[in-house]
Amino acid sequence: MGILIYKRRSFLSFIAIFLVLSFSAQSEQINVVTEFLEPYQIQNADGSLGGFSTDVINSLFELTNDKANIKVMPWARAYETALHQPNTLIYSIAHTPIRDKLFHWVGALKEERLFFWGLRKKFSNKNYQVNELKEYKIAVSRHSNTAQYVIAKEFTNIYQLANERQNMDMLFIDRVDLILATKITIETRAKKLGYDFTELQILTKEPVFNNKLSIAFSLNTPKKLVDKYKAAFQALIDNGRLAELKEKWKLH
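Report follows, based on the coordinates. In this text the structure is predicted, and so the values were computed from the model without any measurement.

### What to know about the pattern of salt bridges
- If you walk through the whole model with that rule in mind, you get 13 salt bridges.
- For Lys183, the salt bridge identified is with Glu187, shortest N-O distance 3.0 Å. Of this pair, Lys183 and Glu187 both sit in helix 6 (residues 183-193), four residues apart, roughly one helical turn.
- Using a relative accessible area of 42% as the deciding quantity, one classes Lys183 as partly exposed.

### Here's the deal with unusual backbone geometry
- A cis geometry characterises the amide bond from Glu38 onward to Pro39, with omega recorded as -5°.
- Along the chain, the position of Pro39 falls in the loop between strand 1 (29-34) and strand 2 (42-43).
- A cis amide bond links Tyr91 with the next residue in sequence, Ser92, at an omega value of -15°.
- Position of Ser92 among the secondary structure elements: in strand 5 (residues 88-95).
- With a phi angle near 65°, Asn65 is a residue other than glycine that sits in the positive phi range.

### Describing the pairing of strand 8 (residues 158-161)
- Where strand 7 (residues 138-141) and strand 8 come together, four bridges link them in parallel fashion. Its bridge partner lying in strand 8, Val140 is registered against Gln160.
- Between strand 7 and its parallel partner strand 8, the chain crosses via helix 4 (residues 145-152), and the hand of that crossover is right-handed.

### Focus: the packing of aromatic side chains
- Per the counting criterion, the structure on display carries 13 aromatic pairs.
- Relative to Tyr229, the ring of Phe217 has its centre 5.4 Å away and its plane inclined at 70°; by these criteria the two rings are edge-to-face. Taken together, the positions of Phe217 in strand 11 (residues 209-218) and Tyr229 in helix 7 (residues 223-238) put the pair 12 residues apart, joining distant regions of the chain. Across the pair, exposure class does not vary: Phe217 and Tyr229 are buried alike.
- Chaining the aromatic ring pairs together yields one cluster made of Trp75, Tyr79, Phe103 and Trp105.

### Observations concerning the side chain of Ser144
- Mapped onto the elements of the fold, Ser144 is located in the loop between strand 7 and helix 4.
- The exposure class assigned to Ser144 is buried, which follows from its relative accessible area of 3%.
- A polar side-chain atom of Ser144 sits 2.6 Å from the main-chain carbonyl oxygen of Ser141.
- Side-chain polar atoms of Ser144 contact the backbone nitrogen of Ala147, separated by 3.0 Å.
- In this structure, Ser144 is in contact with Trp75, Arg99 and Glu164, ignoring residues within four places of it in sequence.

How each quantity is defined
Every chain is numbered on its own, with residues counted from 1 as its sequence reads. The predicted origin of the model limits local features to residues at a pLDDT of at least 70 and limits the giving and counting of side-chain atom pairs to 80 or more, whereas totals for whole chains, interfaces and linings rest on all residues. Where side-chain values are given, they derive from all heavy atoms of the structure, hydrogens and water being excluded. The term salt bridge refers to a side-chain nitrogen of Lys or Arg lying within 4 Å of a carboxyl oxygen of Asp or Glu. Only DSSP runs of H or I reaching four residues or more are called helices, and only runs of E reaching two or more are called strands; each is numbered from the N terminus. Three labels apply to residues, based on accessible area from a 1.4 Å probe with only protein chains included: buried if under 20% of the type maximum, exposed if over 50%, partly exposed otherwise in between. Whether two strands pair depends on DSSP finding at least two bridges between them. When the strands point away from the viewer and the connection leading from the first strand across the helix to the second strand turns clockwise, the crossover is called right-handed. Only the six-membered ring of Trp is used, alongside the rings of Phe and Tyr, when aromatic pairs are assigned; centres must lie within 6.5 Å, and planes under 30 degrees apart are stacked while those over 60 apart are edge-to-face, with the rest tilted. In protein, a polar contact requires one atom able to donate a hydrogen and another able to accept it; more generally it is a pair of N or O atoms within 3.5 Å, and residues adjacent in sequence count only if both atoms are side-chain atoms. Working rule for contacts: check all heavy atoms of both residues, and any pair within 4.5 Å makes them a contact.

So this is what it looks like as structure tokens:
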């Protein structure tokens, strides 16, 4: 059975790579925008860009033989750039119903489960309803999926900041009461910024929403280019590379 699965995976990988190469034999330069978002996009000790999602992007470009012109910027600017600039790839972006028709979606990197978080010293309850949290001050990043969520849910005390790191700073200096994030992101970020993760607690028993962290192209990107990257992403799934990178970064 294992040999059959291996042969099938190898065959599918061959087909996917063949499709990638058939789209274009000529190398292109692709503008890519992103933000720092631990552990998906991180700044390495030498100043270079790393992280799970960056490894996936690098693997994609190895298959397509294109050149990635990657620019790291605040999320709001990255989002606006990808929203309006042709031939622009953005990662890691949450694939939400609000955004579904605004981008061409290449592939899903990871399923996310988002919770409200607060400091233990302020909250004794661990099972709040969303409506019970609307009176509190919350920090979110501009144009983020979390900002779009709390706006849609009619929160009134919303602080929209430039990046996710500022959100955590605001929480620990008692300028806001809440942030909204996944466990792995908030735990990694706390460690990176020197905060004690044990001082934080989840305030909702179940995730308030789930979405898929993804790779996408701007809407005004040629279909042929989008299809090439969809085929390349499928090749990463079929040849096991995506699973290898998830294992490397302990993302399951």
